[in-house]
2 protein chains.
Amino acid sequence: MATLTPIQEKFILHWGEMGTRWGINRTVAQIHALLFISPKPLPAEEIAETLSVARSNVSNSLKELQGWGIVKLVHVMGDKRDHFESLKDVWEMFRHVADERKRREIDPTLAMLRECLAAAGEEKDAHIRERLGALQEFFVTTTSWYDVVRQWPASALAKFAKLGDKALKLFTGPRA
Amino acid sequence: MATLTPIQEKFILHWGEMGTRWGINRTVAQIHALLFISPKPLPAEEIAETLSVARSNVSNSLKELQGWGIVKLVHVMGDKRDHFESLKDVWEMFRHVADERKRREIDPTLAMLRECLAAAGEEKDAHIRERLGALQEFFVTTTSWYDVVRQWPASALAKFAKLGDKALKLFTGPRA
DNA sequence: CCACTATTTCTGTGCCTACTGAAATAACAG
DNA sequence: CTGTTATTTCAGTAGGCACAGAAATAGTGG
């Protein structure tokens with residue numbers, strides 16, 4: 001894995017680019033891509049060589065990936081160096097990321113909105129209360145909705161998607 | 001609106017910070033926040049003064065927001081300057097952003113995966129085919145699932161969220 | 001057609017993050 | 001305890017995006 005096949009390289013570069021679009025450091029995303037397609041755990045040294053980045057950079061990036069919970073430190077028999085592997089299950093992987101982003105970004109936003117609305121209640125500015133209230137409602141609804149589907153098995157998600165428009169009728173139909 | 005109340009400022013700063021976390025330029029997000037809470041459309045000049053950024057910066061940022069489809073150019077009677085307003089409906093707003101991100105980022109990723117898988121089919125590397133295949137399946141399922149719910153009315157989403165765990169049983173129950 | 005205002009394009013600057021390489025620390029074997 | 005290898009921390013550098021301000025263009029009323 002010290003040198004990459006064209007396919008591996010293409011995937012890793014794309015994944016890195018994708019990361020930056022979503023606020024993830026390019027190198028961090030590339031390392032994750034490499035570990036994701038690696039058949040076996042890799043030591044930091046090898047990652048640095050393969051991607052041509054400094055060893056220290058890899059060290060910090062791995063810390064961040066572990067912080068997201070999608071990369072784990074493992075040990076290989078007869079090798080005292082730390083090795084790293086990505087989660088294999090794609091659904092689980094994205095659930096980890098989604099959970100973390102909710103915790104880091106959505107929850108603080110909801111807190112901010114609560115504070116603003118509390119302060120706005122004292123003012124006679126009904127307009128901003130309406131606007132921030134609408135935003136709050138959106139986040140409350142979507143997060144509580146995410147809390148529901150996040151624990152569905154992947155198969156349920158797939159089945160649901162296949163239903164298409166029928167899904168809507170299925171759960172509004174029986175009562176309305 | 002040339003000067004901001006503490007609440008307005010708090011919201012705008014937070015929204016700008018939030019933007020950067022998701023790969024959106026800070027100023028772009030701040031301008032969007034300002035327009036979102038503004039009771040009336042604003043001219044670029046006033047946005048620049050209120051947020052203390054260069055007029056040209058506002059011009060470019062507004063272009064980007066229009067590109068996302070969440071800010072519209074409007075005209076005010078008796079004023080020849082362009083004015084700008086944000087979408088009011090929060091759900092519609094996020095649907096615009098989600099649609100665009102799908103178009104800009106998910107679709108190209110699916111294309112990349114198809115190409116890689118096509119090329120990998122020729123090789124005898126079963127492992128990378130398995131990995132990229134799993135990723136492809138994830139994106140195909142989630143996007144087709146998004147295509148379903150994106151056209152639900154907000155009320156349906158809310159109702160669905162309220163059901164909680166019962167939602168799963170509701171649509172698996174009748175047949176399984 | 002001219003003067004004036006609004007808007008966009010362009011170019012150089014500055015700032016912020018990412019990164020490297022070195023130094024410090026930790027982990028381990030003998 | 002000492003030498004060796006692995007890892008992290010740190011400080012300085014560099015590269016890239018965001019930004020300001022100037023210049024160019026477009027739009028408008030007279």
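These figures come from a predicted structure and were not determined experimentally.

Draft legend 1. Fine view of the protein's contact with DNA strand D. Taken together, 16 residues form the shell around DNA strand D, and within it Ser59(A), Asp82(A), Thr27(B), Ala54(B) and Ser56(B) come nearest. Among the atoms of DNA strand D lying within 4 Å of the protein, the sugar-phosphate backbone contributes 80%. Here a phosphate oxygen of DNA strand D and a side-chain polar atom of Ser59(A) are 2.7 Å apart. Contact distances for DNA strand D include 2.5 Å between a phosphate oxygen and a backbone N or O atom of Ala54(B). If you list the elements that add at least two residues to the surface near DNA strand D, you get helix H4 (55-68) and strand S3 (79-86) of chain A together with helix H4 (55-68) of chain B. Partitioned by chemical class, the residues of the surface near DNA strand D number 2 nonpolar, 8 polar and 6 charged.

Draft legend 2. Spotlight on the nonpolar core. Counting residues in hydrophobic clusters, the biggest one holds 41 residues, and the most contacted among them are Phe11(A), Ile47(A), Leu62(A) and Leu132(B). Elements with a minimum of two residues in this core: helix H1 (6-21), helix H2 (26-37), helix H3 (44-51), H4 and helix H5 (90-122) of chain A together with helix H5 (90-122) and helix H6 (126-149) of chain B. When residues in this core are grouped by element, the largest group, 8 residues, is from H2(A). For Leu132(B), the residues in contact, after removing those within four places along its chain, are Ile7(A), Phe11(A), Ile37(A), Leu113(B), Cys116(B) and Leu117(B). Core analysis: the second largest hydrophobic core is formed by 40 residues, Met112(A), Ile7(B), Ala29(B) and Ile70(B) among them.

Draft legend 3. Representation of the protein's contact with DNA strand C within the structure. The environment of DNA strand C is made up of 15 residues, and the closest members are Thr27(A), Ala54(A), Ser56(A), Ser59(B) and Asp82(B). Sugar plus phosphate: this is where 79% of the atoms of DNA strand C within 4 Å of the protein reside. The contact in question runs from a phosphate oxygen of DNA strand C to an N or O atom on the side chain of Arg55(B), over 3.3 Å. Contributing elements (two or more residues each) for the surface near DNA strand C: H4 of chain A together with H4 and strand S3 (79-86) of chain B. A per-element tally of the surface near DNA strand C places H4(B) first, with 5 residues.

Draft legend 4. The arrangement of unusual backbone geometry in detail. The phi dihedral of Ser52(A) falls on the positive side, at around 55 degrees, and the residue is not glycine. Mapped onto the fold, Ser52(A) is located in the loop between H3 and H4.

Draft legend 5. Up close: the pairing of S3(B). Residue and element names in this part refer to chain B. Inspection of the sheet shows strand S1 (residues 42-43) paired to S3 by 2 bridges, in the antiparallel sense. Note that in S3 the partner of Pro43 across the bridge is His83. Pairing of strand S2 (residues 71-76) with S3 involves 6 bridges; the strand directions are antiparallel. When the sheet's bridge partners are listed, Val76 is paired in S3 with Asp79.

Draft legend 6. The relation of the copies chain B and chain A, seen in detail. With an RMSD of 0.0 Å, the operation that places chain B on chain A is a rotation of 180 degrees combined with a shift of 0.0 Å along the axis. Considering both components of the superposition, the chain copies are consistent with a two-fold axis. A high fraction, 98%, of the interface residues of chain B reappear at the interface in chain A, so the copies pair face to face through one surface.

Draft legend 7. Local environment of the interface of chain B and chain A. Chain B puts 63 residues into the contact, and the matching count from chain A is 62 residues. Contact between chain B and chain A buries roughly 6,200 Å² in total, counting both sides, with carbon and sulfur atoms accounting for 77%. The tally of links from chain B across to chain A stands at 4 salt bridges. Its salt-bridge partner being Glu105(B), residue Arg21(A) comes within 3.6 Å of it at the nearest N-O pair.

Draft legend 8. Just the domain arrangement of chain A, in detail. Residues and elements named next belong to chain A. You can read the domains of chain A as domain 1 (6-86) and domain 2 (90-163). Taken residue by residue, the interface counts 9 residues in domain 1 and 8 residues in domain 2. In total, about 780 Å² of surface goes out of reach between domain 1 and domain 2, with carbon and sulfur atoms giving 68% of it. Three residues stand out in domain 1 for area buried against domain 2, namely Phe36, Trp68 and Ile70, and they jointly supply 59% of the buried area on that side. In this structure, the connection of domain 1 to domain 2 is made through 0 salt bridges. At the junction of domain 1 with domain 2, the criterion picks out 1 residue pair in polar contact (both at pLDDT 80 or more).

Draft legend 9. Main features of the sheet that holds S3(A). Residue and element names in this part refer to chain A. Reading across from one edge, S1-S3-S2 is the order of the 3 strands in this open sheet, with antiparallel pairing throughout. Strands at the two margins of the open sheet, each flanked by one partner only, are strand S1 (42-43) and strand S2 (71-76). Sheet contacts for H2: S1, S2 and S3; angle to S3, the most-contacted strand, approximately 95 degrees. The sheet strands contacting H4 are S2 and S3, and the helix crosses S2 at an angle near 115 degrees.

Definitions and limits used
- Residues numbered from 1 in each chain as written.
- Chains lettered and ligands numbered in written order.
- Predicted model: local features only at pLDDT ≥ 70, side-chain atom pairs only at ≥ 80, totals over all residues.
- Heavy atoms only, no water.
- Near = heavy atom within 4 Å.
- Polar contact = N/O pair within 3.5 Å; in protein donor to acceptor, adjacent residues only side chain to side chain.
- Helix = DSSP H or I, 4+ residues; strand = E, 2+ residues; numbered from the N terminus.
- Nonpolar A, V, L, I, M, F, W, Y, C, P; charged D, E, K, R; others polar.
- Core = buried A, V, L, I, M, F, W, Y, C linked by side-chain atoms within 4.5 Å.
- Buried < 20%, exposed > 50% of the residue type's maximum accessible area, 1.4 Å probe, protein only.
- Contact = heavy atoms within 4.5 Å.
- Pairing = 2+ DSSP bridges.
- Least-squares fit on C-alpha atoms with pLDDT ≥ 70 in both.
- Buried area = accessible area lost by both parts, 1.4 Å probe.
- Salt bridge = Lys/Arg side-chain N within 4 Å of Asp/Glu carboxyl O.
- Domains from an automatic or database assignment.
- Axes fitted to C-alpha atoms, helices over the stretch in contact; angles between N-to-C directions.

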